[in-house]
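Single-letter residue listing:
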Amino acid sequence: MEPETPPTIVAFPRPVLQVAFDRAELMRILDLYGRMVAAGQWRDYAMDFGKDAASFSAFKRSAERPQARIEKRPSLRGKQGMWALYGEAGQVLKRGHELGGVLSIIERRLVKAVEG
């Protein structure tokens, strides 16, 4: 009697259904959000996770356009950077390869709000 060979397990790659923030990215964004709330600049937020991009929008009031929107678009990783910061009118304020560099504009605004 021959010993049976164990079945071969083949791992199939799962398709990426949506883009999301990893834990460190989300903690960095929520830390900034908390400081902006404490400074009275923001009151509400929304997150959107799509097939091409994930975004975090911060609002002064919940019934208006977002005051800032942070977007992660991995398809642009090799080009101008996967991170982008959009202003209230939808204009691109900053693009980059690192989240910290993109958030620096908002962090500078936070320092001015605290000093003033």
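Calculation rules
Residues numbered from 1 in each chain as written. Predicted model: local features only at pLDDT ≥ 70, side-chain atom pairs only at ≥ 80, totals over all residues. Heavy atoms only, no water. Phe/Tyr/Trp six-rings, centres within 6.5 Å; stacked < 30°, edge-to-face > 60°. Helix = DSSP H or I, 4+ residues; strand = E, 2+ residues; numbered from the N terminus. Buried < 20%, exposed > 50% of the residue type's maximum accessible area, 1.4 Å probe, protein only. Lys NZ or Arg CZ within 6 Å of the ring centre and 35° of its normal. Salt bridge = Lys/Arg side-chain N within 4 Å of Asp/Glu carboxyl O. Polar contact = N/O pair within 3.5 Å; in protein donor to acceptor, adjacent residues only side chain to side chain. Contact = heavy atoms within 4.5 Å. Core = buried A, V, L, I, M, F, W, Y, C linked by side-chain atoms within 4.5 Å.

As named in an unreviewed UniProt entry, the chain is DUF2794 domain-containing protein, taken from Novosphingobium humi.

Novice: Teacher, can you tell me more about the packing of aromatic side chains here?
Specialist: Any aromatic ring pair is given by two values, namely how distant the centres are and how the planes are angled relative to each other. Under the criterion given, the structure shown has six aromatic pairs. Ring geometry for F21 and W83: centres 6.1 Å apart, planes at 10 degrees, overall stacked. Linking F21 in the segment before α1 (23-38) with W83 in strand β4 (residues 83-86), this pair joins segments that are 62 residues apart in sequence. For the pair formed by F21 and W83, the shared burial category is buried. Through successive ring pairs, a cluster of aromatic residues spans Y33, W42, Y45 and F56. Seen from the ring of Y86, R69 lies directly overhead, with NZ or CZ sitting 4.2 Å from the centre.

Novice: Would you mind showing me how to read the pattern of salt bridges here?
Specialist: A side chain with one charge can pair with a side chain of the opposite charge if their charged atoms come near. Applying the stated criterion to the full structure yields six salt bridges. One salt bridge connects E107 with R35, and the closest N-O pair in it is separated by 3.3 Å. Pair noted here: E107 is in helix α2 (residues 99-115) and R35 is in helix α1, with a separation of 72 residues, a long-range link. Between R73 and E71 there is a salt bridge; the shortest N-O distance is 3.2 Å. Given a relative accessible area of 26%, R73 falls into the partly exposed group. What makes E71 buried here is its relative accessible area of 7%. What emerges from the salt-bridge pattern is a single network uniting R28, D31, R35 and E107.

Novice: When you look at the side chain of E25 in this model, what are you seeing that I'm missing?
Specialist: By secondary structure assignment, the location of E25 is in helix α1. Given a relative accessible area of 11%, E25 falls into the buried group. Within the local environment of E25, its side chain forms a polar contact with the side chain of K72, the two groups lying 2.9 Å apart. Those residues within four positions of E25 in sequence are excluded, and the remaining contacts are A20, K72, M82, W83 and L99.

Novice: Even after reading the chapter, I still don't get the nonpolar core, so can you show me in this structure?
Specialist: Buried together is how nonpolar side chains tend to be arranged in soluble globular proteins. Residues W42, F56, I70, W83 and I106 are the most contacted members of the largest nonpolar core, which totals 20 residues. Mapped onto this core, the elements with two or more residues apiece are α1, β2 (54-59), β3 (68-72), β4 and α2. A total of five residues in this core trace back to one element, the largest contributor, which is α2. Residue contacts for I70: discarding those within four places in its chain leaves F21, I29, A54, S55, F56, W83, A84, L85, L99 and L103.

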